[in-house]
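Below are the chains, spelled out letter by letter.
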Amino acid sequence: MKKIAVLFILLLSSVTFAHVAGETIAPLPLPVDSQSEAQKKIVRDGAKDFCDSAEEGAKEECVMDFFANHNLEEEPSCD
């Protein structure tokens with residue numbers, strides 16, 4: 001039983017702190033209604049900077065993952 005509890009704690013902590021190396025932007029607060037436009041812009045700019053080095057085909061997926069990791073619920077734009 002202790003092994004299962006330890007495994008569960010490790011799994012939960014890895015999901016909770018699932019940042020990719022190189023990310024320096026904190027996730028947005030929840031619920032989504034409490035997010036300001038300025039906070040959303042910081043995440044959009046961070047995604048653009050973070051995913052600039054990704055290949056063209058993988059850029060949209062990179063931005064989607066970045067948005068998901070930072071609690072931003074909108075369609076990604078690779079512009």
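A few points on the structure. (Residues numbered from 1 in each chain as written. Predicted model: local features only at pLDDT ≥ 70, side-chain atom pairs only at ≥ 80, totals over all residues. Heavy atoms only, no water.)

A few words now on the packing of aromatic side chains. Under the definition given, this model contains one aromatic pair. When the ring of Phe50 is compared with that of Phe66, the centres are 5.5 Å apart and the planes differ by 35 degrees; the resulting orientation is tilted. Here Phe50 is found in helix H2 (residues 37–51), whereas its partner Phe66 is found in helix H3 (residues 56–69), with 16 residues between them in sequence. (Phe/Tyr/Trp six-rings, centres within 6.5 Å; stacked < 30°, edge-to-face > 60°. Helix = DSSP H or I, 4+ residues; strand = E, 2+ residues; numbered from the N terminus.)

For Asn71, which is not a glycine, the phi torsion comes out positive at approximately 60 degrees. Tracing the backbone through its elements, the reader meets Asn71 in the segment after H3. Exposure remark for Asn71: the relative accessible area of 24% places this residue in the partly exposed category. (Buried < 20%, exposed > 50% of the residue type's maximum accessible area, 1.4 Å probe, protein only.)

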